[in-house]
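# Geometric and topological summary
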Amino acid sequence: MDLNADLGEGFGRWVLTDDDALLRIVTSANVACGFHAGDPSTLRRVTALAAAGGVRIGAQVSYRDLAGFGRREIDVPPEELAAEVAYQIGALRVFAQAAGADVTYVKPHGALYHRAGRDPVQAAAVVEGAKLAGVRAVLTQRGSALDLQAREAGLTVVGEAFADRGYLPDGHLVPRGLPGALLGPDEAVAQAVSLAADGVVTAIDGTVTPVAAESICVHGDGPDAVAVAASIRSALDERGIDVEAFS
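Residues numbered from 1 in each chain as written. Predicted model: local features only at pLDDT ≥ 70, side-chain atom pairs only at ≥ 80, totals over all residues. Heavy atoms only, no water.

Going by what an unreviewed UniProt entry lists, the chain is known as LamB/YcsF family protein and is assigned to Glycomyces lechevalierae.

As structure tokens, this is what we get:
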């Protein structure tokens, strides 16, 4: 099972995540590319650390929304969105290649993640941007519009699930701001083990729901992110589940 986290989400003197500590735990790094967070110095530092530690580098692309941290939905024309996705990947690739690595997958962030998950037009634009930039893998939820569009375009899809987010009975995430959307540390560890060992989550109504995934995300912007990620990795190790980057 792959373990991923959103990294590089600082900007200038403002630091959000403990990138250094998380990069010693996770196997894939979704690096912010400047549209919702991240500046050139941060991109360079995080990609260098990831490359040195053998952590897979992915582009965490977003709507152009620094003020809203990429969590506000924006109606961007598909051709413009495709160009912006490719642009973000290209910016990250410069630093990844300078560190002796490359950008191997793309994962939308925030509002773009959820919009591309349900909107085939926006999903197709993300796929077009990835192909334009030469990226052949997409990290997203199985069964989403982005999953379908990416597979139709011949891209590799890596199914993603979330350790620290609550689920609805239909397998979708509980929207942020609603009760049960965010899980506590112990719940997150238990959910990660359930996902990796059994491929299921317990939804907010108690329903046991199947969720197919090859990668588990731990959000890096929480106050306990490092401790939670470390506990998840330890719990998976104790269950005999190999934690390694997806192939």
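### Notes on the overall build of the chain
Spelled out, the test is: Only DSSP runs of H or I covering at least 4 residues are called helices, and only runs of E covering at least 2 are called strands; the numbering of each starts at the N terminus. Note on method: radius of gyration uses C-alpha positions; expected globular size equals 2.2 Å times residues raised to 0.38. Remark: exposure states derive from per-residue accessible area (1.4 Å probe, protein chains only) relative to the maximum for the residue type, with buried under 20%, exposed over 50%, and partly exposed in between. Per-residue accessibility takes into account occlusion by the displayed protein chains alone, with areas from the Shrake-Rupley method and a 1.4 Å probe.
Check the secondary structure of the chain and you find 8 helices and 9 strands. Taking 18 Å as the expected radius of gyration for a compact globule of 247 residues, we find that the chain reaches 17 Å, a close match to that expectation. The dimensions of the chain, computed from C-alpha atoms along their principal axes, are 40 × 35 × 35 Å. Within the span of the chain, comprising 247 residues, buried residues form 53% of the whole. Accessible surface, the chain: about 10400 Å² in total, of which carbon and sulfur atoms supply 53%.

### A word on the environment of L182
Note on placement: L182 falls in the loop between strand 6 (156–162) and helix 7 (185–198). With a relative accessible area of 54%, L182 lands in the exposed category. Sequence separation between L182 and S231 is 49 residues; the distance between their C-alpha atoms is 17 Å.

### So, the packing of aromatic side chains
What counts, and what does not: Two aromatic rings, drawn from Phe, Tyr or Trp (for Trp, its six-membered ring), form a pair once their centres lie within 6.5 Å of each other, and the interplanar angle then sorts them: stacked below 30 degrees, edge-to-face above 60, tilted otherwise. Here, over-ring charges are defined by two tests on the NZ atom of lysine or the CZ atom of arginine: distance to the ring centre within 6 Å, and angle to the ring normal within 35 degrees.
Following the criterion strictly, the structure yields 3 aromatic pairs and no others. With 6.0 Å between their ring centres and 45° between their planes, F35 and Y87 make a pair best called tilted. With F35 in the loop between strand 2 (28–32) and helix 2 (40–52) and Y87 in helix 3 (residues 78–98), this pair connects stretches of sequence that are 52 residues apart. Both rings, one in Y105 and one in F246, keep their centres 5.4 Å apart while their planes meet at 70°; by these two values the pair is edge-to-face. With Y105 in strand 4 (residues 103–108) and F246 in the segment after helix 8 (225–238), this residue pair connects regions lying 141 residues apart in the sequence. Each member of the pair Y105 and F246 is classed as buried. One Lys or Arg, R56, reaches over the ring of F246 and ends 4.3 Å from the middle of that ring.

### So, the pairing of strand 3 (residues 56–61)
Where we set the bar: Crossovers are marked right-handed if the path from the first strand over the helix to the second runs clockwise, as seen with the strands pointing away from the viewer. At least two DSSP bridges between two strands are needed for those strands to be called paired.
The element strand 3 is extensively covered by neighbouring structure, given that 5 of its 6 residues are classed as buried. Read from strand 2 through helix 2 to strand 3, the crossover connection turns out right-handed. Strand direction decides the pairing type here: strand 3 and strand 4, joined by 5 bridges, are parallel. Residue pairing for strand 4: G58 is matched across the bridge by Y105. Between the parallel elements strand 3 and strand 4, the chain passes through helix 3 in a crossover that is right-handed.

### Describing the side chain of S28
Selection criterion: Two N or O atoms form a polar contact when they lie within 3.5 Å of each other; inside protein one atom must be a possible hydrogen donor and the other a possible acceptor, and for residues adjacent in sequence the pair counts only when both atoms belong to side chains. Should any heavy atoms of two residues lie within 4.5 Å, those residues are counted as being in contact.
As for its placement among the helices and strands, S28 is situated in strand 2. Overall, S28 belongs to the buried group, its relative accessible area being 0%. In terms of polar contacts, S28 uses its side chain to reach the side chain of D2, at 2.8 Å. The residues contacting S28, other than those within four sequence positions of it, are D2, L3, N4, A5, V55, R56, Y105, A245 and F246.

### Quick look at a negative patch on the surface
For clarity, the threshold we go by: Patch definition: residues above 30% relative accessible area lacking any salt bridge, with like charges linked at up to 9 Å and the nonpolar side chains Val, Leu, Ile, Met, Phe, Trp and Tyr linked at up to 5 Å. Each salt bridge in this description consists of a side-chain nitrogen of Lys or Arg and a carboxyl oxygen of Asp or Glu lying within 4 Å of one another. Charged residues are defined narrowly, with Lys and Arg counted positive, Asp and Glu counted negative, and His plus the chain ends left uncounted. Charge positions come from single atoms, namely NZ of Lys, CZ of Arg, CG of Asp or CD of Glu.
Among the surface-exposed residues, D237, E238, D242 and E244 lie close enough to one another that they form a single negatively charged patch. Of note, D237 is situated in helix 8. Owing to a relative accessible area of 45%, D237 belongs among the partly exposed residues under this scheme.

### Quick notes on the environment of G206
When you line up the elements, G206 lands in the loop between strand 7 (200–202) and strand 8 (208–210). Residue classification places G206 among the partly exposed residues on the basis of a relative accessible area of 46%. Residues G206 and P169, spaced 37 residues apart in sequence, show a C-alpha to C-alpha distance of 8.2 Å.

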